[in-house]
Amino acid sequence: MPRTTLLQHWVQKLFAEQFPGEHILLQPASADASFRRYFRLTLPDTSTRIVMDAPPEKEDCRPFLRVAALFRRAGTHVPEVLANDLEQGFLLLSDLGSTTYLHALADRSTAARLYRDANSALIAIQLASQPGQLPEYDHALLSRELALFPEWYLQRHLGLTVDTTVDRDLHAVFAALLANNLRQPRVFVHRDYHSRNLMVLGEGAAGFPATPGILDFQDAVHGPLTYDLVSLYRDAYIDWPEEEELDFVIRYWEAARRAGLPVPGDFHDFYRDYEWMGVQRQLKVLGIFARLCHRDGKSDYVKDMPRVMAYLRRTCERYAELVTIAKLCDRIAGQQPRVAFSF
């Protein structure tokens, strides 16, 4: 039986007593980079819910439930889990609406308010951090993410041959990045804290801060403090002039210090950590976007690669230890597929 039919049957059964004989309307709400799909359910009383469809052979709903509980206890606004069928991979969730930060930020005058609220929510999550509650964002996981860049972006997407010299130099940079990333204070990390996963909500909904609603947190880990911040301000889907970005980051740093988070006392040290964490994430994202395109047939992400590459090049030009990546960015700019190269 098709999963959509199974889902419709599950929903009808959930509301059979409340709305006997009534048809429950399901419409696609969104999909993400995984195998999960989301539907908006409209009840006969016109209220709405969200249904997550996560095929159990591909996705596990239990991390979503665990992280939702942790983030809710931190005082942030995440979807409430109203019902679940883990065997079939279905969750019924409260509806946080359809206005993403990305949509709202089309009006750039909203940025100061929205990012202030995003900083506050992020700090609340970080203050709630405890080791042993989430998987560790450790050397092995960070390294696997970096390996996506040569495998999927350089070789599969650009069609380039990575020779032994390039491989050696990349691994030297990767080692420097990991040393920095793993020295940073460790907190709860959403891992995709950006404009597509933050929602603009009504004032004071359900007793929580007005905004943001937080989505797509099931892959959360315990890891470097700057990771979510760089996800937010070096966003693959929207960018800002660097002076504005710097202002947003300084405001986070000041608020984090007041809150007692273990950020460096010197902003220049903090910003270096932020930038180096960003390089790790940007290399990972380029690899993931390439994999989504070539393995999963999701080509929409290709249009956002130039923005991610621009972040990467800008940072790597600033630091002698990362200049190998800057040279690589220059070398591959405009390359035709199947071109071998070396430095």
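What this report covers is the structure whose coordinates are included nearby. (Residues numbered from 1 in each chain as written. Predicted model: local features only at pLDDT ≥ 70, side-chain atom pairs only at ≥ 80, totals over all residues. Heavy atoms only, no water.)

1. A few points about the overall build of the protein chain
Okay, so step 1: Looking only at helices and strands, the protein chain has 11 helices and 11 strands in total.
Okay, so step 2: Overall, the C-alpha framework of the protein chain stretches about 70 × 50 × 40 Å when taken along its three principal axes.
Okay, so step 3: Burial status across the protein chain gives 51% buried among its 343 residues.
Okay, so step 4: Counting only contacts in the protein chain whose residues sit at least 6 apart along the sequence, the fraction spanning at least 24 positions is 70%.
Okay, so step 5: If you sum the accessible surface of the protein chain, you get close to 15400 Å²; carbon and sulfur atoms cover 51% of it.
Okay, so step 6: Between the mean site of the 39 positive side-chain charges and the mean site of the 44 negative ones, the protein chain shows a separation of 2 Å. (Helix = DSSP H or I, 4+ residues; strand = E, 2+ residues; numbered from the N terminus. Buried < 20%, exposed > 50% of the residue type's maximum accessible area, 1.4 Å probe, protein only. Contact = heavy atoms within 4.5 Å. Areas by Shrake-Rupley, 256 points an atom, 1.4 Å probe, with all protein chains shown as cover. Lys, Arg positive; Asp, Glu negative; His and termini not counted. Charge placed at Lys NZ, Arg CZ, Asp CG, Glu CD.)

2. Overview of the layout of surface pockets
Okay, so step 1: Its volume calculated, the second largest pocket comes out at about 210 Å³.
Okay, so step 2: The wall of the second largest pocket is formed by 14 residues, among which Ala112, Arg116, Asn119, Arg251 and Tyr252 lie closest to the centre.
Okay, so step 3: Taken together, the elements giving at least two residues each to the lining of the second largest pocket come down to helix H4 (111-127) and helix H8 (242-259).
Okay, so step 4: In terms of residue count, the dominant contributor to the lining of the second largest pocket is H8 (seven residues). (1 Å grid on protein atoms, 1.4 Å probe; cavity = no way out; pocket = protein on both sides within 12 Å on 5 of 7 lines; lining within 4 Å. Points joined across faces, edges and corners; volume = space filled by probe spheres on them.)

3. Quick look at the pattern of salt bridges
Okay, so step 1: Considering all chains together, one arrives at 26 salt bridges under this definition.
Okay, so step 2: A salt bridge links Arg281 to Asp192; the nearest nitrogen and oxygen atoms lie 3.2 Å apart. In this pair, Arg281 sits in helix H9 (residues 267-294) while Asp192 sits in the loop between strand E7 (186-189) and strand E8 (198-199), placing the two residues 89 residues apart along the sequence.
Okay, so step 3: For Asp192, a relative accessible area of 25% translates into the label partly exposed.
Okay, so step 4: Across the pair Asp247 and Arg251 runs a salt bridge, and its minimum N-O distance is 3.0 Å. Of this pair, Asp247 and Arg251 both sit in helix H8, four residues apart, which is roughly one turn of that helix.
Okay, so step 5: Connected via shared salt-bridge partners are Arg234, Glu242, Glu245, Glu275, Arg314 and Arg318. (Salt bridge = Lys/Arg side-chain N within 4 Å of Asp/Glu carboxyl O.)

4. Brief notes about the nonpolar core
Okay, so step 1: Ranked by internal contacts, the top residues of the largest apolar core, which has 95 residues, are Tyr153, Leu154 and Tyr252.
Okay, so step 2: Element by element, the count of residues in this core is highest for H9, at 13 residues.
Okay, so step 3: In this structure Leu154 touches Phe149, Gly159, Leu160, Val162, Leu170, Leu328 and Ile332, once residues within four positions along its chain are discounted.
Okay, so step 4: Counting residues in hydrophobic clusters, the runner-up holds 14 residues, among them Val11, Ile24, Leu26 and Phe90. (Core = buried A, V, L, I, M, F, W, Y, C linked by side-chain atoms within 4.5 Å.)

5. Concerning the packing of H4 against H8
Okay, so step 1: At a minimum axis separation of 10 Å, H4 and H8 run at an interaxial angle of 35 degrees. Classified by chirality, the crossing of H8 by H4 is right-handed. Between H4 and H8, the contacting residues are Ala111, Tyr115, Asn119, Leu122, Ile123, Gln126 and Leu127 on the first element and Phe248, Arg251, Tyr252, Ala255, Ala256 and Ala259 on the second.
Okay, so step 2: Residue composition of the contact of H4 with H8, by class: 10 nonpolar, two polar and one charged. (Axes fitted to C-alpha atoms, helices over the stretch in contact; angles between N-to-C directions. Left-handed = near helix turned anticlockwise from the far one by under 90°. Nonpolar A, V, L, I, M, F, W, Y, C, P; charged D, E, K, R; others polar.)

6. Side note on the packing of aromatic side chains
Okay, so step 1: Applying the stated criterion across every chain yields a total of 20 aromatic pairs.
Okay, so step 2: The interplanar angle of 20 degrees and the centroid separation of 5.5 Å between the aromatic rings of Phe149 and Tyr153 together place this pair among those described as stacked. Highlighted residues: Phe149 and Tyr153, both in helix H5 (residues 139-157), separated by four residues, approximately one helical turn. Across this residue pair, the class does not change: Phe149 and Tyr153 are buried.
Okay, so step 3: Ring centres of Tyr233 and Phe248 lie 5.4 Å apart, and the angle between their planes is 20 degrees; this geometry places the pair in the stacked category. Here the residue Tyr233 occupies a position in helix H7 (residues 227-233), and Phe248 occupies one in helix H8, the gap between them amounting to 15 residues. The burial state of Tyr233 is the same as that of Phe248; both residues are buried. (Phe/Tyr/Trp six-rings, centres within 6.5 Å; stacked < 30°, edge-to-face > 60°.)

7. Quick word on the packing of H8 against H9
Okay, so step 1: Orientation of H8 relative to H9, taken along the N-to-C sense of each, is 115 degrees, at an axis distance of 11 Å. On the basis of their axis angle, the class for H8 and H9 is roughly perpendicular. As H8 runs across H9, the sense of the crossing is right-handed. For the pair formed by H8 and H9, the contact residues are Glu242, Glu245, Leu246, Val249, Ile250, Tyr252 and Trp253 on the first element and Phe267, Phe270, Tyr271, Tyr274 and Glu275 on the second.
Okay, so step 2: Residues that form the contact of H8 with H9 fall into these classes: nine nonpolar, no polar and three charged. (Parallel < 35°, antiparallel > 145°, perpendicular 65-115°, else oblique.)

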